[in-house]
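Observations on chain architecture
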Amino acid sequence: WEFNGSFYQPSAFLMMGIPGLEALHHWISIPFCALYLIALLGNCMILFIIKKTQSLHEPMYYFLSMLAVTDLGLVLCTLPTTLGLFWFNMRRIGFDACLTQMYFIHVLSFIESSVLLAMAFDRFIAISHPLRHPSILTKTTVIKIGLAILLRAMVSLLPIPFLLKRLTYCGKTELSHSFCFHPDIMNLACADIKVNVFYGMIILFSTVGMDFIFIVLSYILIIKTVISLATKEECLKALNTCVSHICTVLVFFIPMMGLSMIHRFGKDVPPLINTLVAYTYLIIPPALNPIIYSIKSSHIREALLRALRRKKE
């Protein structure tokens, strides 16, 4: 413990693996390694295919590239501490290192939420105004949207580490996961955390919450447009372009909302449930997103097959 003026601040936190299964961490690391490997290779493959395939240089796939980069960032944020704990029982993480990891995890999560909203907007324009779609979402517009998403996440979350540094910490220093999460660190403080709670809730609802609401509204408008189409075949074709995005939205938002609710209101939830929801939120979406788009997007699938044929030749 380090004494700094009028408050105590721990030099480090202790990370937790899976409660009750510590003796099996080496075996548990096998599926984690598989998921991390799938996420890394899958998202790199998506980026490579989009870069090399000229026909995929359009807004839908530019946003998919942003999603892949964000997923890679999330994987690289949690992989060192998670596998370090499972393989070598490295539980200690420095206070400042923990705040840094927490900041980037939350920034990347907020970016992913905003990219999913941008993808929903892209699908709405493509279905409702197909002829105007290229002129509305030009390459310059997509770049501006990407920069706005990045700036919104970074600026809105910038006060969080400083709000945590001002707190007095005492007693427990054990985190609930093998990574740093804002509510988890905040709950270890023995000071008044009302400002942290209030700011965290405001930021969560004004960013991720609003993103989810606008995604739902986008799909209400898409369904309204699709219903007005002349034939059943046209309706199914239009909706089919949205299936992969809908799956990605559900895979991301359901665990995220569950984890947020558990940390804020689920004091009686068993630690094992808390841990499993946290890992589902941070590891499953980056691993599943490339699979979902590879299966559901015929353009991605065809480009992948062409790339594999070229390698064989």
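Residues numbered from 1 in each chain as written. Predicted model: local features only at pLDDT ≥ 70, side-chain atom pairs only at ≥ 80, totals over all residues. Heavy atoms only, no water.

What follows is about the layout of surface pockets. Considered as a void within the structure, the largest pocket measures approximately 630 Å³ in volume. For the largest pocket, the lining is made up of 22 residues, of which Ser176, Asp184, Asn187, His263 and Asn274 are closest to its centre. Among the secondary structure elements, those contributing two or more residues to the lining of the largest pocket are helix 7 (182-186), helix 10 (243-265) and helix 11 (271-296). A per-class count over the lining of the largest pocket returns 11 nonpolar, six polar and five charged. (1 Å grid on protein atoms, 1.4 Å probe; cavity = no way out; pocket = protein on both sides within 12 Å on 5 of 7 lines; lining within 4 Å. Points joined across faces, edges and corners; volume = space filled by probe spheres on them. Helix = DSSP H or I, 4+ residues; strand = E, 2+ residues; numbered from the N terminus. Nonpolar A, V, L, I, M, F, W, Y, C, P; charged D, E, K, R; others polar.)

Let's shift gears to the state of the cysteines. In total, this model carries one disulfide according to the counting rule given. For the unlinked cysteine cysteine 44, the closest cysteine sulfur is that of cysteine 77, found at 15 Å. A disulfide-free cysteine, cysteine 77 has its sulfur positioned 11 Å from the sulfur of cysteine 180, the nearest such atom. (Disulfide = S-S within 2.5 Å.)

Our next topic: the UniProt feature "transmembrane region" (unreviewed entry) in the chain. Taking the numbering used here, the UniProt-annotated feature "transmembrane region" (unreviewed entry) corresponds to residues 24-50, 62-88, 100-121, 142-164, 197-223, 235-256 and 276-295. The span residues 100-121 shows a helical share of 100% and a strand share of 0%, and its end C-alpha atoms are spaced 32 Å apart. Secondary structure content for residues 197-223 is 100% helix and 0% strand, and the end C-alpha separation is 37 Å. (UniProt positions renumbered as here; feature names shortened; annotations may be inferred.)

The subject of this paragraph is empty space enclosed by the protein. Inspection of every chain in the model, using the stated rule, returns three cavities of 30 Å³ or more. Approximately 160 Å³ is the volume found for the largest cavity. Listing elements by their share of the lining of the largest cavity, those giving two or more residues are helix 3 (95-128), helix 7, helix 8 (194-227) and helix 10. When the residues that make up the lining of the largest cavity are grouped by side-chain class, the tally is nine nonpolar, four polar and one charged. One number sums up the size of the second largest cavity: a volume of about 50 Å³. When contributions to the lining of the second largest cavity are tallied by element, the ones reaching two or more residues are helix 3 and helix 10.

Predicted confidence across the chain gives a mean pLDDT of 87, with 95% of residues reaching 70 or more. By mean pLDDT, the top-scoring element of the chain is helix 5 (residues 139-157) (95), and the lowest-scoring one is strand 1 (residues 2-4) (45). This model gives residues 1-5 a pLDDT under 50, and the stretch forms 12 contacts once residues within four places in sequence are excluded. (pLDDT = per-residue confidence, 0-100. Contact = heavy atoms within 4.5 Å.)

Turning our attention to a nonpolar patch on the surface. On the surface, Leu21, Leu24, Trp27, Ile30, Leu272 and Leu276 cluster together into a nonpolar patch covering about 580 Å² of accessible area. Mapped by element, the contributors of at least two residues to the nonpolar patch are helix 1 (25-52) and helix 11. Its location among the elements puts leucine 272 in helix 11. For leucine 272, a relative accessible area of 35% translates into the label partly exposed. (Patch = residues over 30% accessible without salt bridge, like charges linked within 9 Å, V, L, I, M, F, W, Y side chains within 5 Å. Areas by Shrake-Rupley, 256 points an atom, 1.4 Å probe, with all protein chains shown as cover. Salt bridge = Lys/Arg side-chain N within 4 Å of Asp/Glu carboxyl O. Buried < 20%, exposed > 50% of the residue type's maximum accessible area, 1.4 Å probe, protein only.)

In this fold, serine 113 is placed in helix 3. Overall, serine 113 belongs to the buried group, its relative accessible area being 0%. Apart from residues no more than four positions distant in its own chain, serine 113 is found in contact with Val208, Asp211, Ile215, Phe252 and Phe253.

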